[in-house]
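Spelled out, the chains give:
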Amino acid sequence: MRHINPFILDSGAPSSVGENRVLTRLLINPLHTYSGLGSHSAALRGAVHLVSVFLNEGTLAGETFLHAFLLRPSRECFWRHLQLQLVFRFQVYRMDRPLSARESGQFVAERSRDVSVDEEGVRRVAEMVYGLKDSEEFTASGWKKMNPLAPSPDSDEAINWVFVTDTMNFSFWPDREDQQCEVIYKGNTYRGYMSLCAAVTRAVDEGVPITDPAYFSQISEAELDRVLRSDSATPMPMLKERHQALTEAGRVLMQHGGSFRNFLSHGQNDAEKMVRYIVDNIPSYRDEATFEGQKISFYKRAQILVADFWGIMEARGEGNIPNLDYLTMFADYRVPQALVYLGALRYSDALMEALKKGELLSSGERREVEIRGCSIWCVERIKNVLWKLVQERAGQSCNINSALIDFYLWPYAKQHHKEMAHIPIHHTRCIYY
């Protein structure tokens, strides 16, 4: 188990560096300053242990130790003064860190004006999923079936392939429906996200080492343009942004031995730590916003990267991520459409009208945040109702999590796009989804 030593956080070691350095200074400095006992004092040793608990065992364990630490009976006046200092500094730290995706979904849903979760619709969708709960759609073995363009999960090539496609997995919607980027692979025509998958797999077949970090960390924009070339008159959108995201991420992997698997090992098979390590180290995955003065997060691509990694490893019998329930649905523009169609999510008349007119929503604006946040909370409600149904009817726990529900809803939306044509998707050009 990798253990972070708070004494050497300024050494440049690849960890959650920025956040850890800040937390170390916030907690150690006041202890050292006010103890007056020197660097080997019990107070400083306690502070070092406290920071270590925060960094290695998480915020909840850190808070538990903080309370016990501050209640020591010795030097009562000193501890009282110190408590005020630490609580103040810790609150500043917590205010600067965004809510988790799940917390963000609830926070947004409780304050939303134009989007709402319909509890009757939530129950209908939960009933629908309940009827399919034993089908392959809700197992890790369905991962390859859902995306036949992915390599076999038997090899590490699938892990590298997932990293490349998830790093460039954003903004595929066309400016006009009749002007879509298309990639033809083995006689089939692919659009949207699947056009990216087809392009990457086509490049692998052509001998381009596109899944090798040593290559894609230095790939030129022209070379990537060749890899992502369209077979229609419409090129893949946002080539410059995809190039920047891919090369930036590749350079980070090269600092971790040139391996995505090595990189993700810093997450210690913990879904929350994996997501945090990704967003702390790769800027293009930092999918955050501010809503009513509160910093929130969606982390769509970071979460789906962890889920895809789990899907591969689970298919290989190695999917040891016990807290995968930490992941939420992956807030994009296709799943919200399906949730509206199924009656679990509702848009105000004003929002529906704006979307039907093709109004572009900016990343981080209120309506865009409400759509994404309420979609997360809607799937959380579906999951919770589903778990309750399984417990009541079968007397057992349910292993269908939010990620698996998303893995079902996304292809469902694609398969039923004609029936959903009257429900507009929201359009936002950004690198987050």
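Residues numbered from 1 in each chain as written. Predicted model: local features only at pLDDT ≥ 70, side-chain atom pairs only at ≥ 80, totals over all residues. Heavy atoms only, no water.

J.: Can you help me understand the packing of helix α6 (residues 119–132) against helix α18 (residues 366–394) in this one?
T.: A pair of packed helices is captured by two measures, namely the crossing angle of their axes and the spacing between those axes. Following both chains from N to C, one finds α6 and α18 inclined at 55 degrees, their axes separated by 8 Å at the closest point. As summarised for this structure, α6 and α18 are arranged oblique, according to the angle between their axes. In this structure, the crossing between α6 and α18 has a hand that is right-handed. Across the interface between the two elements, Glu119, Val122, Arg123, Val125, Ala126, Glu127, Val129 and Tyr130 from α6 touch Cys378, Arg381, Ile382, Val385, Leu386, Leu389, Val390 and Arg393 from α18. (Axes fitted to C-alpha atoms, helices over the stretch in contact; angles between N-to-C directions. Helix = DSSP H or I, 4+ residues; strand = E, 2+ residues; numbered from the N terminus. Parallel < 35°, antiparallel > 145°, perpendicular 65-115°, else oblique. Left-handed = near helix turned anticlockwise from the far one by under 90°. Contact = heavy atoms within 4.5 Å.)

J.: How do you make sense of the state of the cysteines when you look at a structure like this?
T.: Working definition: the covalent bond between the sulfur atoms of two cysteines is a disulfide. Evaluated as defined, the whole model comprises 0 disulfides. We note that Cys374 lacks a disulfide partner, and the nearest cysteine sulfur, in Cys378, lies 8.6 Å from it. (Disulfide = S-S within 2.5 Å.)

J.: How should empty space enclosed by the protein be read in this particular structure?
T.: Rolled over the atoms, a probe sized like a water molecule indicates the empty space that remains. Scanning the entire structure with this criterion turns up 1 cavity of 30 Å³ or more. The calculated volume of the largest cavity comes to roughly 50 Å³. Lining the largest cavity are Phe172, Pro174, Gln180, Cys181, Gly192, Ser195, Met236 and Pro237. Taken together, the residues that form the lining of the largest cavity break down as 5 nonpolar, 3 polar and no charged. (1 Å grid on protein atoms, 1.4 Å probe; cavity = no way out; pocket = protein on both sides within 12 Å on 5 of 7 lines; lining within 4 Å. Points joined across faces, edges and corners; volume = space filled by probe spheres on them. Nonpolar A, V, L, I, M, F, W, Y, C, P; charged D, E, K, R; others polar.)

J.: Help me understand unusual backbone geometry in this model?
T.: With the exception of glycine, the majority of residues adopt a negative phi angle, and the majority of peptide bonds are in the trans configuration. Notably, Gln268 is not glycine yet its phi reads approximately 55 degrees, a positive angle. Its place among the elements puts Gln268 in the loop between α13 (260–264) and α14 (271–281). Despite not being glycine, Glu292 shows a phi value in the positive range, around 50 degrees. The topology assignment puts Glu292 in the loop between β4 (288–291) and β5 (294–297).

J.: I keep staring at the environment of Trp310 and nothing clicks. Help me out?
T.: Locating Trp310 in the fold gives a position in helix α15 (residues 300–315). Sequence-wise, Trp310 and Ile321 are 11 residues apart; in three dimensions their C-alpha atoms are separated by 7.2 Å.

J.: Sorry, what's going on with α6 here?
T.: Since the α-helix turns once every 3.6 residues, residues separated by three or four places project in the same direction. With 14 residues, α6 extends 20 Å between its outermost C-alpha atoms, agreeing within 8% with the 20 Å of an ideal straight helix rising 1.5 Å per residue. Of the residues making up α6, those classed as buried are Gly121, Val122, Val125, Ala126, Val129 and Tyr130. On its buried face, α6 sits against β1 (115–117) and α18. Regarding α6, its N-cap is Asp118, as a side-chain oxygen of that residue lies 3.0 Å from the backbone nitrogen of Glu120 further along. (Expected span 1.5 Å × (residues − 1). Buried < 20%, exposed > 50% of the residue type's maximum accessible area, 1.4 Å probe, protein only. Polar contact = N/O pair within 3.5 Å; in protein donor to acceptor, adjacent residues only side chain to side chain.)

J.: Explain the layout of surface pockets here, please?
T.: Computed from the structure, the largest pocket encloses a volume of approximately 1,000 Å³. Taken together, 41 residues line the largest pocket, and the ones lying closest to its centre are Gly192, Tyr333, Arg334, Lys414 and Ile425. Elements with a minimum of two residues in the lining of the largest pocket: α7 (142–146), α8 (156–167), β3 (188–190), α9 (193–205), α15, α16 (334–341), α17 (349–356) and α19 (402–415). Looking at which element gives the most residues to the lining of the largest pocket, the answer is α19, with 4 residues. Counted by class, the lining of the largest pocket contains 21 nonpolar, 10 polar and 10 charged residues.

J.: How do you make sense of the confidence of the model for the protein chain when you look at a structure like this?
T.: Parts of the model with low pLDDT should not have their predicted coordinates read in detail. Averaged over every residue, the pLDDT of the protein chain is 84; the share at 70 or more is 76%. In the model, residues 1–26 has pLDDT below 50 throughout and makes 51 contacts with residues more than four positions away in sequence or in other chains. Note that residues 30–40 has pLDDT below 50 and, in this model, 24 contacts with residues that lie over four places away or in other chains. (pLDDT = per-residue confidence, 0-100.)

J.: Got a minute to help me understand the environment of Ala315 in this structure?
T.: Here Ala315 shows up in helix α15. Using a relative accessible area of 40% as the deciding quantity, one classes Ala315 as partly exposed. Residues Ala315 and Asp154 lie 161 residues apart in sequence; the distance between their C-alpha atoms is 8.0 Å.

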